[in-house]
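A structural walkthrough
Here is how the chains run, residue by residue.
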Amino acid sequence: MKTVINLLPLLFLSFGFLFSSLVIASFSEMEPVPMFESIGEHRDESAPKISYDRINDVKKKCKSVLSSASELKLEDISRTPRKSKRNLGFRYGDWNQDSGDSPILPFDSTNTLRNSSTKPMNLVSFSVTDLDLPHRTKKYIGVNGVLLLAITMFSELPSLRSYGLREFELWPSHTQLKISFQGIYVENDDDERVLCMLGETMLPSRDESDSSNPWKWVKEHDTPPLLQDDMILLLLRYPKSFTLTKRVIQGELTSLNQKPSLKLFDKIHLFSQLGKSVRYDFVSNDLVSKACDPYPYKNDTFTSSGSGGINVYKEKGFCDLLQRVTNRAPLTVVPNWKCHGTDEYCSKLGPFAFDKDIKSTDGSFKDVKLYMQNVHCEETAARSQSDAVTKVSAVFRAVHPNENLYISGMRSGIDNMTVTAEGIWKPSSGQLCMVGCRRGQVDGCNARICLYIPTTFSIRQRSILVGTFSCLNTEKNLTPSFFPLSFEKLVEPMDMQNYFHSSASHPFYSYSKLDDAGAILERNEEFSFGTIIKKSVMHFPKLEDSDDLLSSLSLLAEDLTFHTPAFTEKRASGTNFGMDVLSLGPLFGLFWRTSNFSIADQTTPYRTKAEYTEKQLLLNVSGQISLTGENFGNFSVLYLEGLYDEHVGKMYLVGCRDVRASWKILFESPDLEAGLDCLIDVVVSYPPIKSRWLADPTAKVSISSNRPEDDPLYFKPIKLKTTPIFYRRQREDILSRAGVEGILRVLTLTFSIGCITSLLFYVSSNTDSLPFVSLVMLGVQALGYSLPLITGAEALFKRKAASATTYETPSYDLQRSQWFNVIDYTVKLLVMVCFLLTLRLCQKVWKSRARLLTRTPQEPHKVPSDRRVLLVVLILHALGYIVALIRHPARADRLVGGSYGSNASNWWQTETEEYIGLVQDFFLLPQVIANAMWQIDSRQPLRKLYYFGITLVRLFPHAYDYIVGSVPDPYFIGEEHEFVNPNFDFFSKFGDIAIPVTAILLAVIVFVQQRWDYDKLSQALSFGRFRILPSRSVKYERVMSESEMVSGARVNGNRGDEE
């Protein structure tokens, strides 16, 4: 009863820990809700300081600007000050500096990749931080602002309100300088708004001793010498109206210092444009009519490419659709493969500048991209849909192959690689016709842009947006200055549901290669006894019973889509392989109901039949393969169309690759289809869903060309084998398996608590044998329970738990399941209880030995001690750890020297955690050694329920691994997941047998030691003159029992200490 009372505080503490954990977890999953929203201007520590102490100096330096200032219309600025500040700011503008001997910024390119061709970009951002409205005058308003000059290759520009943004920062491939300004805002009669400001910053100092290398300290990686400079003049000019030819923001940054000051720098020119927050004025009707009258313009380039049967978008909501299609997405430039002129003429990039970088592509325009930025769209009201007119404005930006594509997509500067455009779109034709002006200048408006959003797709038409640039002006010989330039945005199957939200004009797929796919099926169909067995035993992805046909098709399309590494047969080279399904039967796009509303069976429950004919098992399918690598036919994307056979899990497809980049050899290949090489056979073999032990759980892909070997478009056959893939049902198995393992953890830990509690009751009534319980054994147990609480690792089922989290996907996120959270916190509570109970056992053993030592102070050597036991155990486990490392050289080599760099850094941690699990499995080893050293003579320090029960708990995960892991499982065999691969694991198949046998043997030894006295055991283990156990020692021959000491103390009138 006393023991139960002593355990009550521990149990209350454990339940309190669980309750607090659940409360914390429930609050942590709640989204933070703001208590209130601030009114007016919000300022925090990161906001720059506002000051107007230099306003008199500003007036002197900006005297010419003030002299031409007109009276301000303060109503608009005072009514919306926040919008006014936003309209005066810009991000990712361009800047350049006059040539001279006084550059302003250094650049460190020492650590950039040697094979990187990316060139640095000069970018600038500006933000107005305050308008001094209380002290405004009729002609000017005080202004504070911050400007950021940067030279970068890969990095984004930080926000100008970022906390801790220093004035000068330099690291490899990036340099930035922040300048704080105060000045005035004025407007003049030239239809301009002007900012004139004085700034201050810490400029990097140049080395005046060597004018040819002023930034010598950069290469030596010294601390940058900085000079404080407050003589910097900034002049920014904005157009008052935002139109096709009036949108450029121009500025100058000038140093007011004089030679030979090191603060002097050459003049800097700034360029940007008004952003989307400024209202655009559609007033360029004359220029638009020049390009688009009569409307629609007859676009021969679009109609002659075999697109006569292509439907285009003609419904409401064009502005919303255009924004979604063009939002931060690069467009692909199509080579001029139809051009018959000179190389120079055919290599021109439409109306954009023809510089050396573009010329180096030799007309293929490889890696040249196009952005459609700053789109303004305005739908005008009309009595009927046919009379409606939508006005559109945009900026087209061409990106060089050696520019960072992501950063270039955010640039706002206007240069020779930009074309501003304005035009109209009418639903009667679906054509967006625009006039284009290079650099946004009136004299550069010599381009016509025709743009369409197709709603019909096929193997030859995979673009969600297509367009052309054509020339308006002609030269003296009536020849256009450039050949029509086409561009497109290729559709990604997974993105289709993001575009068309309306069911009024749904897209659809037109199949045209089914006969050719049938011929591929006949050539590759195997008829053998093995094939018959395969069809009857194995089950492959197929249509399932569902609420409607569309849902069943969507689920099947999900199973047929995969992205995984793939290798050749000899594993000489690998690639990242992607297989995306675009359409399946009448379904177009994945999980896309609104666009497929016309399917008659959508609202009818779909039920599969027991038997099908061979023809009924064939489904029309289209998709796309993406892969990388030099040994794969010099292509990265294959457009697919063909048949899927549910019975054998194979796709028989016709593949088309884009060869328009090789435009010079296209004239020798008359069998091309719209610039595509479609003489390609593709066969994709999927692994079975069930009966996986009879087949390899990997997908196999075969790609071959039907061209003769002397054809320039021929490539060698490609055979790829992926890493193991798994299907939707198998992902659901992960959830169910994780739930079962969680319940098993709860049950086994509960049983462990019962075993430990039974030992506590046992030692309370058997105090004589209590000192002979090994503290090292209890320490091993306590260590095993404490590690999960400290590191967050799982208690038991370590390998399976790790593998489940390795294969987590957003659709099946275990952490978001309340059920798994409950199991997780329950396990943590039970582990805490086990840990506290084990500590209680350690306390009782320690106190019992202390009392023995107090009663026999003259004979301390007769009190059991774990020092030698600990030493022997440490030596044995150290040797075992070394042997374990030696037995796994392949794993060490592959993780340290292989391609898995992120895993290699955690290799030692993983090895140690796994071996600690092995130490826990052999928790009885210290007790066996201690019993032999202490010669316990039939004493029974451990209860049988304890050591047999805990042994059973430790062995249960191994039995579970052996049974569940006997089937080849794609969750745990993937080559990229080394830590859950049984071939690289401590707990391999051999270990799952050897470890339980050894643990059971230790339990049997403890049982024998506690039943037989030392002499009998020593005699049983003697073989002639050879004795395994040494002769009896008198060291522990007579140790007064605790009960004797207590009774003796009571006789003398001294009551023993109670626990």
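Residues numbered from 1 in each chain as written. Predicted model: local features only at pLDDT ≥ 70, side-chain atom pairs only at ≥ 80, totals over all residues. Heavy atoms only, no water.

1. Regarding the UniProt feature "transmembrane region" (unreviewed entry) in the protein chain
For clarity, the threshold we go by: UniProt positions are given in the numbering used here, feature names are shortened, and annotations may be inferred rather than shown by experiment. Going along the chain from the N terminus, every DSSP run of H or I of four or more residues is numbered as a helix, and every run of E of two or more is numbered as a strand.
The feature "transmembrane region" (unreviewed entry), as given by UniProt, occupies residues 742-763, 770-790, 822-842, 869-886 and 987-1008 in the numbering adopted here. Regarding residues 742-763, the helix share stands at 100% and the strand share at 0%, and the terminal C-alpha atoms are separated by 32 Å. Regarding residues 869-886, the helix share stands at 100% and the strand share at 0%, and the terminal C-alpha atoms are separated by 26 Å.

2. Observations concerning the sheet that holds strand β10 (residues 331-334)
Selection rule: Strands pair, by our definition, only if DSSP identifies at least two bridges between them. For helices, the axis comes from a line fit to the C-alpha atoms of the stretch in contact; other axes are also lines fit to C-alpha atoms, and the angle between any two N-to-C directions lies between 0 and 180 degrees. Contacts are assigned to residue pairs with any non-hydrogen atoms lying within 4.5 Å of each other.
With antiparallel pairing, the eight strands of this closed barrel are ordered in space as β10-β11-β12-β13-β14-β15-β17-β18. With strand direction ignored, the average angle separating the axes of adjacent strands in the sheet is 30°. Most of the contacts of helix α7 (residues 285-292) go to strand β14 (residues 432-438), to which it runs at about 115°, and overall it touches β13 (418-425), β14 and β15 (447-452). Across the face of the sheet, helix α9 (residues 318-326) comes into contact with β11 (369-379), β12 (390-399), β13, β14, β15, β17 (463-471) and β18 (485-490) while running at roughly 160° to β11.

3. Description of the pairing of strand β6 (residues 192-204)
Applied cut-off: Partly exposed residues are those whose accessible area sits between 20% and 50% of the maximum for their type, while under 20% is buried and over 50% is exposed, using a 1.4 Å probe and protein chains only.
Within β6, 10 of the 13 residues are buried, which leaves it mostly tucked inside the rest of the structure. When strand β5 (residues 174-188) meets β6, the two strands line up antiparallel, connected through nine bridges. The partner of asparagine 188 across the bridge, within β6, is glutamate 192. Taking the residues that link successive antiparallel strands as the turn, the β5-β6 hairpin has three residues, and the phi of aspartate 191 there is positive, at about 60°.

4. Quick word on a negative patch on the surface
Just so we agree on the cut-off: The patches reported here contain residues having more than 30% relative accessible area and no salt bridge. Joining distances are 9 Å for like charges and 5 Å for nonpolar side chains (Val, Leu, Ile, Met, Phe, Trp, Tyr). With residues, only the protein chains shown are counted as cover, and all accessible areas are computed by Shrake-Rupley using a 1.4 Å probe. Every case where a carboxyl oxygen of Asp or Glu lies within 4 Å of a side-chain nitrogen of Lys or Arg is listed as a salt bridge. For the charge count, each Lys or Arg is scored as positive and each Asp or Glu as negative, with His and the chain ends excluded. Note that the charge is assigned to NZ on lysines, CZ on arginines, CG on aspartates and CD on glutamates.
A cluster of like negative charges, contributed by Asp53, Asp57, Glu200 and Asp230, occupies part of the molecular surface. Counting through the fold element by element, aspartate 57 comes out in helix α2 (residues 55-61). A relative accessible area of 35% places aspartate 57 in the partly exposed class.

5. Structural notes on the nonpolar core
Stated precisely, the cut-off is as follows: Buried Ala, Val, Leu, Ile, Met, Phe, Trp, Tyr and Cys residues form a nonpolar core when they are joined through side-chain atoms within 4.5 Å.
Grouped together as the largest cluster of nonpolar side chains are 58 residues, with contacts concentrated most on Ile756, Met777, Leu778, Leu924, Leu942 and Tyr946. At the level of elements, α16 (728-765), α17 (775-791), α19 (818-855), α20 (867-886), α23 (907-921), α24 (925-934), α25 (944-964) and α26 (989-1011) are the ones that each hand at least two residues to this core. It is α19 that contributes the most residues to this core, 14 residues altogether. In this view, tyrosine 946 contacts Cys755, Ile756, Leu759, Met777, Leu778, Gln781 and Phe923; residues no more than four positions away in its chain are not counted. Formed by 54 residues, the second largest nonpolar core is a distinct cluster that contains Leu74, Leu105, Val128 and Met197.

6. Side note on the pattern of salt bridges
For the structure shown, the criterion picks out 23 salt bridges. Of the charged contacts, one joins glutamate 187 and lysine 240 as a salt bridge, the two residues approaching to 3.7 Å between their closest N and O atoms. Pair noted here: glutamate 187 is in strand β5 and lysine 240 is in the loop between β7 (226-239) and β8 (248-255), with a separation of 53 residues, a long-range link. Look at glutamate 187 and you get buried, because its relative accessible area is 12%. Ionic contacts of the salt-bridge type, sharing partners, join the residues Arg657, Asp671, Asp677, Arg707 and Asp711 into one network.

7. Quick word on a nonpolar patch on the surface
Where nonpolar side chains cluster on the molecular surface, the patch consists of Ile743, Leu747, Trp819 and Val822 and spans about 400 Å² of accessible area. Elements that contribute at least two residues to the nonpolar patch include exactly α16 and α19. Looking at where tryptophan 819 falls in the secondary structure, it is placed in helix α19.

8. Some points on the confidence of the model for the protein chain
Which entries qualify depends on this criterion: The predictor rates its confidence in each residue with pLDDT, a number between 0 and 100.
Taken over all residues, the pLDDT of the protein chain has a mean of 78, while the share at 70 or more is 73%. A low-confidence stretch, residues 1-46 stays under pLDDT 50, and its non-local contacts, those more than four residues away or across chains, total 42 contacts. Low confidence marks residues 966-987, where pLDDT is under 50. Its contacts with residues over four positions away, or in another chain, come to 81 contacts.

9. Some thoughts on the packing of α20 against α24
As a reminder of what qualifies: Should an angle fall under 35 degrees it is taken as roughly parallel, and over 145 as roughly antiparallel, whereas 65 to 115 is taken as roughly perpendicular and any remaining angle as oblique. Take the far helix as the reference: if the near one is turned anticlockwise from it by less than a right angle, the crossing is left-handed, and if turned clockwise, right-handed. Throughout, the ten residues Ala, Val, Leu, Ile, Met, Phe, Trp, Tyr, Cys and Pro are labelled nonpolar, Asp, Glu, Lys and Arg are labelled charged, and all others, Gly among them, are labelled polar.
In the contact formed by α20 and α24, the axes pass within 10 Å of each other and the chain directions differ by 135°. The angle between α20 and α24 places the two elements in the oblique class. The element α20 and its partner α24 pack so that their crossing is right-handed. Residues Arg868, Val869, Val872, Val873, Leu876 and His877 of α20 form the contact with α24, whose own contacting residues are Leu925, Pro926, Ile929, Ala930, Met933 and Trp934. Grouping the constituent residues of the contact of α20 with α24 by class yields 10 nonpolar, one polar and one charged.

10. Remarks on the environment of alanine 329
Mapped onto the elements of the fold, alanine 329 is located in the loop between α9 and β10. The class of alanine 329 is buried, set by a relative accessible area of 12%. C-alpha of alanine 329 to C-alpha of lysine 369: the two residues are 40 residues apart in sequence and 9.8 Å apart in space. Residues in contact with alanine 329, not counting those within four places in the same chain, are Leu370, Tyr371 and Lys489.

11. Some points on the packing of aromatic side chains
Put simply, the test is: A pair of aromatic rings is counted whenever rings of Phe, Tyr or Trp (Trp by its six-membered ring) have centres within 6.5 Å, and the orientation is called stacked for planes under 30 degrees apart, edge-to-face for over 60 and tilted otherwise. Only lysine NZ and arginine CZ atoms are considered, and such an atom sits over a ring when it is within 6 Å of the ring centre and within 35 degrees of the ring normal.
Applying the stated criterion to the full structure yields 17 aromatic pairs. Each ring, one from phenylalanine 457 and one from phenylalanine 588, has its centre 5.3 Å from the other, and the planes form 25°; the classification is stacked. On the criterion of sequence distance, the pair formed by phenylalanine 457 in strand β16 (residues 456-457) and phenylalanine 588 in strand β22 (residues 587-588) is long-range, its members being 131 residues apart. Of the two residues, phenylalanine 457 and phenylalanine 588, neither departs from the other in class, the shared state being buried. Counting every residue linked through ring pairs, the aromatic cluster contains Phe352, Phe396, Phe469 and Phe487. We note arginine 448 situated over the ring of tyrosine 297; from NZ or CZ to the ring centre the distance is 3.8 Å.

12. Some details on unusual backbone geometry
Geometrically, the link from aspartate 293 to proline 294 is a cis peptide bond, its omega value of 5° lying close to zero. Tracing the sequence through the fold places proline 294 in the loop between α7 and α8 (300-303). Positive phi values are uncommon outside glycine, yet serine 173 reaches one of about 70°. Mapped onto the fold, serine 173 is located in the loop between β4 (168-171) and β5. Positioned with a positive phi, aspartate 367 is a non-glycine residue whose angle comes to about 65°. In this fold, aspartate 367 is placed in the loop between α11 (356-359) and β11.

13. What about the pairing of strand β24 (residues 637-645)?
Here β24 lies mainly inside the structure; eight of its nine residues are buried. The pairing of strand β23 (residues 618-626) with β24 spans nine bridges and is antiparallel. Looking across to β24, one finds that asparagine 620 is bridged to leucine 643. Bridge count for β24 against strand β25 (residues 650-658) is seven bridges, and the pairing is antiparallel. Bridged to glycine 642 within β25 is leucine 653. Hairpin connection, β24 to β25: the antiparallel pair is bridged by four residues, and glycine 649 has positive phi, about 65°.

14. Some remarks on the state of the cysteines
Applied cut-off: Counting rule for disulfides: a pair of cysteine sulfur atoms within 2.5 Å.
Scanning the model with the defined rule gives six disulfides in all. Here cysteine 437 engages in a disulfide with cysteine 445; their sulfurs sit 1.8 Å apart. Residues cysteine 437 and cysteine 445 are joined by a disulfide whose S-S torsion is about 100°; by sign, that bridge is right-handed. For cysteine 437, a relative accessible area of 0% puts it in the buried group. By relative accessible area, which is 4% here, cysteine 445 ends up buried. If you count the bonded cysteines of the protein chain from the N-terminus, they pair up as 1-2, 3-8, 4-7, 5-6, 9-10, 11-12. Its sulfur unpaired, cysteine 755 is 9.4 Å from the next cysteine sulfur, which belongs to cysteine 834. According to the relative accessible area criterion, cysteine 834 is buried, its value standing at 0%.

15. Things to note about the side chain of glutamate 488
Under the convention used in this document: Under the rule applied, a polar contact is a pair of N or O atoms within 3.5 Å (in protein, one hydrogen donor and one hydrogen acceptor; residues adjacent in sequence only if both atoms are side-chain atoms).
Among the structural elements, glutamate 488 can be located in strand β18. Taking the relative accessible area as the measure of exposure, glutamate 488 reaches 9% and is therefore buried. A polar contact is formed between the side chain of glutamate 488 and the side chain of serine 463, at a distance of 3.0 Å. Residue contacts for glutamate 488: discarding those within four places in its chain leaves Leu331, Thr332, Val334, Ser463, Leu465, Val466 and Arg660.

16. A closer look at helix α13 (residues 514-524)
Counted only if it meets this: For this quantity, the arc is that covered by the directions from the helix axis to the C-beta atoms.
Of all the residues in α13, the buried ones are Ala517, Gly518, Ile520 and Leu521. Down the axis of α13, the sector holding all buried residues measures 160°, keeping them to one side. Pointing more than 90 degrees away from the buried face of α13 are the exposed residues Asp515, Glu522 and Arg523.

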